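Working through the structure, step by step
So the chains spell out like this:
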Amino acid sequence: KAASRHSSVSGVCGMTVYGFFLMSAKTTQKVEDIVMGKNASIRDTVLWLTRFYDKEGNDKFSCARAKTIGGRVLQEYLITMVGSETGDSKSVWTNSKTSINWRGVFRLPKSKLMATPKIVTWLCKNGMVAFFVCEDFTNVILAANQLHLLVSSIIEHVRPETTMSPKIVNERPEEIHMILDRFIPCGHLQFLSEADAKKEMSELAAILQKNKK
């Protein structure tokens, strides 16, 4: 049932994400070129999943918008990675490395593709980069925490401790979207804890198991 796909957690806040995206962390472009300020080539940005929650995001420029933002995220990720290894993180606003996780936050100015400035929070794990595009006034800490719980839950659900690939995502699109509907229903951020995330995934697993019968 469609209603059973949505979250049972009541901690929904008033902020809605502009979009959620999954993409490959790999690039054939020279890292030196990106670090020196050259944007990652749009054709080199491999998006696995795009989901806009805004009317503007779903207009005729949706694909171009997603790839442009994805290229910038890829650039930020590589700069963060190189900056952490060299000890120079001046060009990175948020720069942290924990185990196999890389994460960051940056601001996108108003442009032809976006009528208002946006905040992007991203996370790289298991060869996959996931990111939220949010409005400029969004609580960044809440969005970053929500992204971490969402990405960890997706990876744990489809194939834990394994490098992610588009094949894994494409083989189970319905399940991925069901996870999104539970963690960010209609794009709304929620006040979730790790316990809440585990509860959501447990309930989803029960639904999927029931549907197999």
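The structure contained in this document is the topic of the report that follows. Everything numeric here is computed off the predicted structure, so don't read it as measured data. (Residues numbered from 1 in each chain as written. Predicted model: local features only at pLDDT ≥ 70, side-chain atom pairs only at ≥ 80, totals over all residues. Heavy atoms only, no water.)

**Observations concerning the overall build of the protein**
What the protein contains, in helices and strands, is six helices and seven strands. The buried share of the protein, reckoned over its 213 residues, is 47%. For the protein, contacts bridging at least 24 residues in sequence account for 65% of all contacts bridging at least 6. Put simply, the protein shows about 11000 Å² of open surface, and 54% of that area lies on carbon and sulfur atoms. (Helix = DSSP H or I, 4+ residues; strand = E, 2+ residues; numbered from the N terminus. Buried < 20%, exposed > 50% of the residue type's maximum accessible area, 1.4 Å probe, protein only. Contact = heavy atoms within 4.5 Å. Areas by Shrake-Rupley, 256 points an atom, 1.4 Å probe, with all protein chains shown as cover.)

**Points about the packing of helix H3 (residues 140–158) against helix H5 (residues 173–183)**
Remark: H3 packs on H5, axes separated minimally by 11 Å, with the N-to-C direction vectors making an angle of 150 degrees. In this view, H3 runs roughly antiparallel relative to H5, as classed from their interaxial angle. H3 and H5 meet at a crossing whose hand is right-handed. Contacts from Gln146, Leu149, Leu150, Ser153, Ile154, His157 and Val158 of H3 reach H5 at Glu175, Ile176, Ile179, Leu180 and Phe183. A breakdown of the residues in the contact of H3 with H5 according to their chemical character gives eight nonpolar, three polar and one charged. (Axes fitted to C-alpha atoms, helices over the stretch in contact; angles between N-to-C directions. Parallel < 35°, antiparallel > 145°, perpendicular 65-115°, else oblique. Left-handed = near helix turned anticlockwise from the far one by under 90°. Nonpolar A, V, L, I, M, F, W, Y, C, P; charged D, E, K, R; others polar.)

**Brief notes about the packing of aromatic side chains**
The tally for this structure, following the rule as stated, stands at five aromatic pairs. One aromatic cluster in this structure is built from Tyr18, Phe21, Phe52 and Phe131. The residue whose ring lies beneath Arg65 is Phe52, and the NZ or CZ to ring-centre distance is 6.0 Å. Seen from the ring of Tyr18, Lys118 lies directly overhead, with NZ or CZ sitting 4.5 Å from the centre. (Phe/Tyr/Trp six-rings, centres within 6.5 Å; stacked < 30°, edge-to-face > 60°. Lys NZ or Arg CZ within 6 Å of the ring centre and 35° of its normal.)

**Section: the nonpolar core**
Grouped burial of nonpolar side chains is what soluble globular proteins tend to show. If you look at the biggest cluster of nonpolar residues, it comprises 36 residues, and the most contacted ones within it are Phe20, Leu22, Phe132, Leu150, Phe183, Ile184 and Leu189. When contributions to this core are tallied by element, the ones reaching two or more residues are strand E1 (12–24), strand E2 (47–52), strand E6 (128–135), H3, helix H4 (166–171), H5 and helix H6 (194–212). Broken down by element, the residue count for this core peaks at nine residues, all from H3. Beyond its immediate chain neighbours, meaning those up to four positions away, Phe132 contacts Val17, Gly19, Phe20, Ile119, Val120, Thr121, Ala143, Gln146, Leu147, Leu150, Ile184 and Leu189. Counting residues in hydrophobic clusters, the runner-up holds 22 residues, among them Leu74, Trp102, Phe106 and Trp122. (Core = buried A, V, L, I, M, F, W, Y, C linked by side-chain atoms within 4.5 Å.)

**Digging into unusual backbone geometry**
Here Asn126, not a glycine, exhibits a phi torsion of approximately 55 degrees, which is positive. Following the sequence through the fold, Asn126 ends up in the loop between strand E5 (118–125) and E6. Within the chain, Cys186 stands out as a residue other than glycine whose phi angle is a positive 55 degrees. By secondary structure assignment, the location of Cys186 is in the loop between H5 and strand E7 (188–190). On the basis of relative accessible area, Cys186 is assigned to the exposed category, the value being 55%.

Any functional reading would require information beyond the geometric quantities listed.
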